[in-house]
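Tertiary structure, described
So the chains spell out like this:
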Amino acid sequence: MSIDKDNLKKLEKRIESDIEESMPFLASDEKSATLKDSSATEIHQQLQPNQQQQNTQQPQKQQIQIQNDTKKVQPWVHFVAGGLGGMCGAIFTSPFDVVKTRLQSDVYKDLYKSQASKGNAFSSISVHVKETCNILYNVYKYEGPRALFKGLGPNLVGVIPARSINFFTYGLTKDIIRENFYDGKEDSFVHLLSGISAGVVTSTATNPIWLVKTRLQLDKSTVKQYKNSFDCVNKIFKNEGFFALYRGLSASYLGSIESTLQWILYEQMKNAIQLRSDRIAQSGKPRTKFDEFFDWSARSFSAGAAKFAASLITYPHEVVRTRLRQAPSLENGNPKYTGLIQCFKLVLKEEGLASMYGGLTPHLMRTVPNSIIMFGTWELFAKLLSGI
C-alpha cells in the first residue's frame, strides 16, 4: 500500500509538472487563435470599404449614362437658344445667301453664267468656288459692301423666329413621342416624326418673311422696285393679294424633308459621340475640359456634315422655291410659275437639269458653316440657360 501511495504521489507530481509545461503552449495557441480572429476581422473591415467602393462605382457609371440619356432641356430654352443660334449663323453667312439667291433665280441668269465644264467633277467644283468668290467681289465692288447684306433685315426677322420655332417644335415633339410612346427611349423614327413636325410648323409660320427676303435680294440696284421690307409687303398686298405671301409654301413643305433628314443624321452622329464619352467615363478616366470642348466641337461639325448631305439630296426644291417666290414675270398676262409641279417641269424644259442645282456651291458654302455656328451656339446657350 505504501508503494502505491508513493507511486500515486509521483504520478500526481508528474501530471502537475506536465500541466505547467504545457500551459505556455496552450496560451500561445489561444493567443494565435485570437490573433487570427482579430486579423480576419481587420481584413474584413479593410475589404468592406473596398467592396463598397466597387459597388458604388458601378452605379456611378450607370448614373453617368442615365444622366446623359434622361437629361431634359425645357422647351423655352430650345426656343431662345435656337433663335440666338440662328441669328449668329445668319449674320456670319449673309453674303453667301445673297449670291445663292441670285444664282437660283432667273433674274440674274444671263449675268451669272457658269463656265464650269461638265467633265471633271473636281475641276467643276473649283470653278464654282472661284465663280462664287468673283460674284462676291463684284457685288462688293459695284454695289457696295451693304449689298452683301441685302435682305439681312427680313432674313434675321425670319431666321430668329424660324429657328426658335424649329428647335422648340422639334424638342417638344421628341419629348412627347419619347415619353408617351417609347418609354423614354429614342430611335430614328422618333427623330423622323419630330423633324417633319418642326419643318411643317416652321414653314407655315415664316413663309411670308422668306418671300419678302427673296424679293429684296433679287431687287436690282439699277431699277429698284422696293424701298424696304415694309414697302415690299405693301406692294405685294396691293398688286398680288394676301395669299401671294404664301407663294412657294408647297416647295417649303417639300423642303422640310431636308431639315428632317438633317435632324436624323445629326442625332445619329451625336449618339456616336455620346457613346464615345460613355466609354471613357466607364474606363475610370477623369473627364477634362478638353474632352468637353472636343465633344462640343464634334457635335457642331456633325451638324455641318448632316446639312451637307441633306442639301445634296434635296437641293432642287430650293431652286423651285426661289422661282415661286420671286416677283412674277408676266407672259401673256399670266404668271410664269404657277405651282410646284408646273415650276419643276418648266425649269427642266427650258433650262435643263443642271439649272436645278444653280447656286449649289454658294448654298453649301453658306449652309454648312451656318449649321456649325447655329448648332454650336444653340448648345452653348441651351447649357447656359438650363443653369438659370
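1. So, the nonpolar core
Among the nonpolar cores identified, the biggest contains 14 residues, and Phe167, Trp263, Tyr266, Phe375 and Trp378 are the most heavily contacted of them. Looking at this core, the elements that each hand over two or more residues are helix 2 (75-92), helix 5 (152-181), helix 8 (249-282), helix 9 (289-314) and helix 12 (360-386). The biggest single contributor to this core is helix 12, with five residues. When near neighbours in sequence (up to four residues on either side) are disregarded, Trp378 contacts His78, Ala81, Gly82, Gly85, Phe167 and Tyr266. Leu324, Tyr337, Phe344 and Val347 belong to the second-largest nonpolar core, a separate cluster that totals ten residues.

2. Looking at the side chain of Ser277
Of note, Ser277 is situated in helix 8. At 2.6 Å, the side chain of Ser277 and the side chain of Asp295 are in polar contact. In this structure Ser277 touches Arg287 and Asp295, once residues within four positions along its chain are discounted.

3. Brief notes about the packing of aromatic side chains
Scanning all chains against the criterion turns up 16 aromatic pairs. Relative to Phe375, the ring of Tyr266 lies with its centre 4.8 Å away and its plane at 55°, an arrangement referred to as tilted. Taken together, the residues span a long stretch of sequence, with Tyr266 in helix 8 and Phe375 in helix 12 at a distance of 109 residues. Judged on exposure class, the residue Tyr266 and its partner Phe375 are both buried. Centroid distance Phe293 to Trp296: 5.9 Å. Interplanar angle 40°. Geometry classified as tilted. Of this pair, Phe293 and Trp296 both sit in helix 9, three residues apart, roughly one helical turn. Under the relative-accessibility criterion, Trp296 is labelled partly exposed at 24%.

4. A closer look at unusual backbone geometry
Notably, Asp183 is not glycine yet its phi reads approximately 55°, a positive angle. With respect to the helices and strands, the residue Asp183 is situated in the loop between helix 5 and helix 6 (188-218). Note on Asp183: relative accessible area 73%, which makes it exposed.

5. Overview of a nonpolar patch on the surface
Where nonpolar side chains cluster on the molecular surface, the patch consists of Phe189, Leu192, Leu193, Ile196, Val200 and Tyr253 and spans about 450 Å² of accessible area. Per element, the largest residue contribution to the nonpolar patch is five residues, and it comes from helix 6. Mapped onto the elements, Leu192 comes out in helix 6.

6. Observations regarding the packing of helix 2 against helix 12
Running from N to C, helix 2 and helix 12 cross one another at 145°; their axes reach a closest spacing of 7 Å. Our pair here, helix 2 against helix 12, has a crossing hand that is right-handed. When grouped by side-chain class, the residues that make up the contact of helix 2 with helix 12 number 14 nonpolar, eight polar and no charged.

7. A closer look at the confidence of the model for the protein
Mean pLDDT for the protein: 80, with 75% of residues reaching 70 or above. Predicted confidence is poor over residues 27-40, with pLDDT under 50, and the contacts of this stretch with residues over four places away or in other chains come to zero contacts. In this model, residues 55-70 is a region of pLDDT below 50 whose contacts with residues beyond four sequence positions or in other chains number eight contacts.

8. Structural notes on the environment of Glu240
Of note, Glu240 is situated in the loop between helix 7 (229-239) and helix 8. Take Glu240: its relative accessible area is 27%, and that puts it in the partly exposed class. Among all residues touching Glu240, those that are not within four sequence positions of it are Arg215, Lys235, Arg247 and Pro328. At 3.0 Å, the side chain of Glu240 and the side chain of Arg215 are in polar contact.

9. Notes on the pattern of salt bridges
Scanning all chains against the criterion turns up 18 salt bridges. Put simply, Glu379 and Arg299 hold a salt bridge, and the shortest N to O gap is 2.4 Å. You can see Glu379 sitting in helix 12 and its partner Arg299 sitting in helix 9, a full 80 residues away along the chain. Sharing partners across several salt bridges, the network here consists of Lys174, Asp175, Arg178, Glu186, Glu267 and Lys270.

10. Digging into the environment of Thr367
Mapping Thr367 onto the fold places it in helix 12. Sequence separation between Thr367 and Asp97 is 270 residues, and the spatial gap between their C-alpha atoms is 8.6 Å. Non-local contacts of Thr367, meaning those with residues more than four positions away in its chain, are made with Lys307 and Ser311.

What counts, and at which threshold
- Residues numbered from 1 in each chain as written.
- Predicted model: local features only at pLDDT ≥ 70, side-chain atom pairs only at ≥ 80, totals over all residues.
- Heavy atoms only, no water.
- Core = buried A, V, L, I, M, F, W, Y, C linked by side-chain atoms within 4.5 Å.
- Buried < 20%, exposed > 50% of the residue type's maximum accessible area, 1.4 Å probe, protein only.
- Helix = DSSP H or I, 4+ residues; strand = E, 2+ residues; numbered from the N terminus.
- Contact = heavy atoms within 4.5 Å.
- Polar contact = N/O pair within 3.5 Å; in protein donor to acceptor, adjacent residues only side chain to side chain.
- Phe/Tyr/Trp six-rings, centres within 6.5 Å; stacked < 30°, edge-to-face > 60°.
- Patch = residues over 30% accessible without salt bridge, like charges linked within 9 Å, V, L, I, M, F, W, Y side chains within 5 Å.
- Areas by Shrake-Rupley, 256 points an atom, 1.4 Å probe, with all protein chains shown as cover.
- Salt bridge = Lys/Arg side-chain N within 4 Å of Asp/Glu carboxyl O.
- Axes fitted to C-alpha atoms, helices over the stretch in contact; angles between N-to-C directions.
- Left-handed = near helix turned anticlockwise from the far one by under 90°.
- Nonpolar A, V, L, I, M, F, W, Y, C, P; charged D, E, K, R; others polar.
- pLDDT = per-residue confidence, 0-100.

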